[in-house]
Amino acid sequence: MANRVDMALFILGLLYLGTTQALHAQEEKGALDPLKASVEMIRRGEWESMFKTARELVGHYPNNASVQYVADLAADVLGDHTRVSLTKYDFPFSDNQAMKNVQSWARDLLVNDPENLNLLILNGMLHSPKGDGYIDKFVEYLEQARTIDAKNNFVLEALGSAYGAQGNYNLAVELLNKAIEIKSTSTANTNIGGAFLKQGKTVEAEKHLKKAVEIDNRDAAAWFNLGSYYAEQNLVSEAKPALEKAVELAPKNIEARWNLGGIYFNSGQQSEAVGQLKEIIRIAPNSPMGQQAKQMLSQLGG
């Protein structure tokens, strides 16, 4: 009898998996035409319209990570952090047909219009660290964009961030300083703060990290980086409200929840720490951090 029950559960599991995969495939297929229209909007520089279209797609296809990524991409370029989901995309681009199509359309358009600044930005962002981590290709496209418009604020910010990710902190600081001279944004200040931290310049780092949240107090990434900096400096009373704000603005950001849980634990607030671990497991149970959270929760007896 036990074997029959186990087999029945196994079959039900396969049926559920097959149904889920079919739904994802249906969503992916349905999103293709609007995604292609979004790429064409970017070619014309219509980032705002493209964002609106992508957000409508997210409403229609809430489980489709590719349309969420495209919507976030537009919000990044527009510099509107209240509209970025800050979720983690649970797929490698190489395995996602919708994203393969977006990348292909973007490349094809660029072949016919190689000096189109918007297409260069798009192709770069489709290879950004937020996706597959193809930083070299990201830098290649954005450097081409810089030859067309050397004072483009977004291009300078994006390149500075990429060079920082590559470990070239001197060049990162140089480009981000140029971006800040043109327009001081929360993103540029957050990223230059991170580069200064890597150089061991904590005074400069703190100044820019604090400036980032002053510029845009709805930028979850800025609050996360400021809170994480305070946590590293063992400034618990400063770290706690900053990380709480990051979690409030981006409740699916498991890194923010992990750091906040650590602050709660070190402050003697074990029940609050357990709550953050449980949320991480709920949001991303199969991620490396989700697995760590399960281990930590077991140790805490939660």
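Since the structure is predicted, the reported quantities are computational estimates derived from the model, not experimental observations. (Residues numbered from 1 in each chain as written. Predicted model: local features only at pLDDT ≥ 70, side-chain atom pairs only at ≥ 80, totals over all residues. Heavy atoms only, no water.)

Student: Where do I start with the side chain of histidine 208 in this structure?
Tutor: In this fold, histidine 208 is placed in helix H10 (residues 202–215). Taking relative accessible area as the criterion, histidine 208 reaches 10% and is therefore assigned buried. Beyond its immediate stretch of four places on either side in the chain, histidine 208 contacts Ile180, Asn189, Thr190, Ile192, Gly193 and Phe196. (Helix = DSSP H or I, 4+ residues; strand = E, 2+ residues; numbered from the N terminus. Buried < 20%, exposed > 50% of the residue type's maximum accessible area, 1.4 Å probe, protein only. Contact = heavy atoms within 4.5 Å.)

Student: Which parts of the structure should I look at to understand the nonpolar core?
Tutor: Nonpolar side chains tend toward joint burial in soluble globular proteins. Leu73, Ile121 and Leu126 are the most contacted members of the largest nonpolar core, which totals 55 residues. Broken down by element, this core gets its largest block of residues, 8 residues, from helix H3 (residues 65–78). Excluding anything up to four places from it in sequence, isoleucine 121 contacts Trp47, Val77, Leu142, Phe154 and Val155. One finds Leu209, Trp223, Leu260 and Ala273 within the second-largest nonpolar core, a separate group that totals 22 residues. (Core = buried A, V, L, I, M, F, W, Y, C linked by side-chain atoms within 4.5 Å.)

Student: Honestly, the packing of helix H5 (residues 117–125) against helix H6 (residues 135–148) in this entry has me stumped. Any pointers?
Tutor: The relative placement of two packed helices comes down to the angle between their axes together with the axis-to-axis distance. Direction vectors running N to C along H5 and H6 enclose 160°, while the axes themselves pass 8 Å from each other. Of the possible angle classes, the one that applies to H5 and H6 is roughly antiparallel. Where H5 crosses over H6, the handedness of that crossing is left-handed. Two secondary-structure elements touch here, H5 through Leu117, Leu120, Ile121, Asn123, Gly124 and Met125 and H6 through Phe138, Tyr141, Leu142, Gln144, Ala145 and Ile148. Of the residues that constitute the contact of H5 with H6, the class distribution is 9 nonpolar, 3 polar and no charged. (Axes fitted to C-alpha atoms, helices over the stretch in contact; angles between N-to-C directions. Parallel < 35°, antiparallel > 145°, perpendicular 65-115°, else oblique. Left-handed = near helix turned anticlockwise from the far one by under 90°. Nonpolar A, V, L, I, M, F, W, Y, C, P; charged D, E, K, R; others polar.)

Student: What's the story with the packing of aromatic side chains in this structure? I'm lost.
Tutor: One pair of aromatic rings is described through two measures. These are the centre distance and the angle between the planes. Taken as a whole and judged by the stated rule, the model has 1 aromatic pair. When the ring of tyrosine 229 is compared with that of tyrosine 230, the centres are 5.6 Å apart and the planes differ by 50°; the resulting orientation is tilted. Here tyrosine 229 falls in the buried class, since its relative accessible area comes to 4%. Look at tyrosine 230 and you get buried, because its relative accessible area is 8%. (Phe/Tyr/Trp six-rings, centres within 6.5 Å; stacked < 30°, edge-to-face > 60°.)

Student: In this structure, what is going on with empty space enclosed by the protein? I would like to understand it.
Tutor: Any empty space left between the atoms is revealed when a probe the size of a water molecule rolls over them. This model, assessed by the stated rule, comprises 1 cavity of 30 Å³ or more. As for the largest cavity, its lining consists of Leu35, Ser38, Val39, Ile42, Met50, Val70, Leu73, Val102, Leu122 and Leu126. Listed by contribution, the elements that provide at least two residues to the lining of the largest cavity are helix H1 (2–43) and H3. Of all the elements, H1 adds the most residues to the lining of the largest cavity, at 4 residues. For the lining of the largest cavity, the per-class residue count stands at 9 nonpolar, 1 polar and no charged. (1 Å grid on protein atoms, 1.4 Å probe; cavity = no way out; pocket = protein on both sides within 12 Å on 5 of 7 lines; lining within 4 Å. Points joined across faces, edges and corners; volume = space filled by probe spheres on them.)

Student: How should helix H12 (residues 236–249) be read in this particular structure?
Tutor: The periodicity of an α-helix, 3.6 residues per turn, causes residues three or four places apart in sequence to face the same way. Under the 1.5 Å per step criterion, the end-to-end length of H12 is 20 Å for 14 residues, consistent within 8% with the ideal 20 Å. Of the positions making up H12, those classed as buried are Ala239, Ala242, Leu243, Ala246, Val247 and Leu249. Down the axis, H12 shows its buried residues gathered within 165° of arc, on one side only. For H12, exposure combined with an orientation more than 90 degrees from the buried face picks out Ser237 and Glu248. (Expected span 1.5 Å × (residues − 1). Arc of directions from axis to C-beta.)

Student: How should I be thinking about the environment of glutamine 269 in this particular structure?
Tutor: Within the secondary structure, glutamine 269 is located in the loop between helix H13 (254–266) and helix H14 (270–283). Ignoring anything within four residues of it in the chain, the contact list for glutamine 269 reads Lys240 and Tyr264.

Student: What is the right way to read the environment of valine 102 from this model?
Tutor: Here valine 102 lies in helix H4 (residues 97–112). By relative accessible area, which is 2% here, valine 102 ends up buried. Leaving out residues up to four positions away in the same chain, valine 102 has contacts with Leu35, Val39 and Leu126.

Student: Honestly, the pattern of salt bridges in this entry has me stumped. Any pointers?
Tutor: Side-chain pairing between opposite charges can occur once the charged atoms of the two side chains come close. All told, the structure shown has 8 salt bridges when counted by the stated rule. Between lysine 178 and glutamate 174 there is a salt bridge, with its nearest N and O atoms 3.7 Å apart. Of this pair, lysine 178 and glutamate 174 both sit in helix H8 (residues 169–182), separated by 4 residues, roughly a single helical turn. The exposure class assigned to lysine 178 is partly exposed, which follows from its relative accessible area of 36%. Ionic contacts of the salt-bridge type, sharing partners, join the residues Glu40, Arg43, Arg44 and Glu46 into one network. (Salt bridge = Lys/Arg side-chain N within 4 Å of Asp/Glu carboxyl O.)

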